[in-house]
Amino acid sequence: MNISVSITDQSTPKYQQVWELREAILRIPLGLSLRNEDLSRDNINTFFIAEQEGQVIGCVLMEPKDAETVQLRAMAVYNEHQGKGVGRLLVQALEEHAAQSGYKKIILHARKVVLGFYKSMDYRQVGDEFVEVGIPHYHMQKVI
Ligand SMILES: CC(C)(COP(=O)(O)OP(=O)(O)OC[C@H]1O[C@@H](n2cnc3c(N)ncnc32)[C@H](O)[C@@H]1OP(=O)(O)O)[C@@H](O)C(=O)NCCC(=O)NCCS
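First, a word on what this report is: a plain description of the structure on this page. (Residues numbered from 1 in each chain as written. Predicted model: local features only at pLDDT ≥ 70, side-chain atom pairs only at ≥ 80, totals over all residues.)

## Quick notes on the overall build of the chain
Helix and strand counts for the chain stand at three helices and seven strands. Counting helices and strands in the order they occur from the N terminus, the chain gives β-α-β-β-β-α-β-α-β-β. Against the 2.2 N^0.38 benchmark of 15 Å for 144 residues, the chain shows a C-alpha radius of gyration of 14 Å, consistent with a compact globule. Burial status across the chain gives 22% buried among its 144 residues. (Helix = DSSP H or I, 4+ residues; strand = E, 2+ residues; numbered from the N terminus. Rg over C-alpha atoms; globule rule 2.2 N^0.38 Å. Buried ≥ 20, exposed ≤ 12 C-beta atoms within 10 Å, placed from the backbone.)

As C-alpha cells, then:
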C-alpha cells in the first residue's frame, strides 16, 4: 500500500489538500461547507497526514486544550482508502506524539456512526449523546 504518515501544520502546501479532504468527507455529505466556518483554531493544531504517492488520503488534527489534554479532531480518510488501517495509523501517530509531548489525555467528539472505530482503539464513551454539525455525537476519551 506504501502509505506514509507525517506531521505538518497549517503553514505548509499540504494544508490545501487536507482542507479538500475535510470538505469532501466531513462536510459535503452533511450539506455543509468549511467555507462557512471559522477555521482559526487550525493555527494551533498539529496536523497528521497519511499520504500515498504524494496525495493526502487521510488526516487528523491535534488541538491542545490544557496542560494535560489534547483534542483529536477532523479525523477523515477518503472513501476508497477506508477500512485498510489508515485511520488507525493516524490515531496511533497522534497518540505517540501527544505522549511524547507530555500530554496525559485525549478527548474527542465521535460521530455516533463511528463509535466502533474509536472503541477499537480503547477510547471510552463519556456522557450523553449530543448534536454537532446536525448529527449525533458522543464525547470520548482515553488516558495515554
Ligand atoms: C472513521 C474513519 C476515519 C476510519 O478510518 P479507516 O481508515 O476506515 O479505519 P481503519 O481501517 O483504520 O479501522 C480501524 C478499526 O476501526 C474499525 N472501524 C473503522 N470504521 C468503523 C466504523 N464506522 N464503525 C465501527 N468500526 C469501525 C475497523 O474495523 C478497524 O478495526 P479492526 O482493526 O479491529 O479491524 C473513516 O471511516 C472515515 O473517514 N469516515 C468518515 C468520516 C468520519 O466519520 N470521521 C470521524 C468523525 S468523528
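## A look at the site of the ligand
Of all residues adjacent to the ligand, which total 19 residues, the nearest are Q82, G87, R88, G116 and F117. When contributions to the shell around the ligand are tallied by element, the ones reaching two or more residues are α1 (14–27), β4 (69–77), α2 (86–100), β5 (105–111) and α3 (115–119). A per-class count over the shell around the ligand returns ten nonpolar, six polar and three charged. (Near = placed C-beta within 6 Å. Nonpolar A, V, L, I, M, F, W, Y, C, P; charged D, E, K, R; others polar.)

## With respect to the sheet that holds β5
Strands sit in the order β1-β2-β3-β4-β5-β7-β6 across an open sheet of seven strands; the sheet is mixed. What marks the edges here is a single partner per strand, and that holds for β1 (4–8) and β6 (124–132). On average, each strand axis in the sheet is tilted by 25 degrees relative to the strand beside it, whichever way the strands run. Relative to strand β7 (residues 135–143), β5 runs antiparallel, the two sharing seven bridges. Looking at β7, one finds that A110 is bridged to Y138. In the packing of α1 onto the sheet, the strands contacted are β1, β2 (46–52), β3 (55–64) and β4, and the crossing angle to β3 comes to about 90 degrees. Here α2 sits on the sheet in contact with β1, β2, β3, β4 and β5, set at roughly 35 degrees to β3. (Pairing = 2+ DSSP bridges. Axes fitted to C-alpha atoms, helices over the stretch in contact; angles between N-to-C directions. Contact = placed C-beta atoms within 7 Å.)

## A short note on α1
The end-to-end C-alpha separation of α1 is 19 Å, in line with the 20 Å expected for 14 residues at 1.5 Å each. Three or more residues of α1 are buried, namely V18, L21 and R22. The buried residues of α1 all sit within an arc of 100 degrees when viewed along its axis, so they share a single face. If you follow the buried residues of α1, they end up packed against β2, β3 and β4. (Expected span 1.5 Å × (residues − 1). Arc of directions from axis to C-beta.)

## Focus on the nonpolar core
Of all hydrophobic cores here, the largest spans 29 residues; its most connected members are F48, C59, V60 and L94. Among the elements of the structure, α1, β2, β3, β4, α2 and β5 are those that each provide at least two residues to this core. Setting aside anything within four residues of it in sequence, one finds F48 in contact with V5, I7, C59, V60, M62, L90, A93 and L94. (Core = buried A, V, L, I, M, F, W, Y, C linked by C-beta atoms within 7 Å.)

## Describing the pairing of β6
Where burial is concerned, little of β6 is hidden: zero out of the nine residues are buried. Linking β6 to β7, which pair antiparallel, is a turn of two residues; within it V133 sits at a positive phi near 40 degrees.

## Observations concerning α2
Three or four residues apart is the spacing at which side chains of an α-helix point the same way, because the helix has 3.6 residues per turn. In this model, α2 (15 residues) spans 21 Å end to end at C-alpha, consistent with the 21 Å of a helix rising 1.5 Å per residue. Residues of α2 that are buried: V86, G87, L90, V91, L94 and A98. Projected down its long axis, α2 shows its buried positions confined to an angular sector of 135 degrees, all on one face. Those residues of α2 that are exposed and aimed more than 90 degrees away from the buried face are E96, A99 and Q100.

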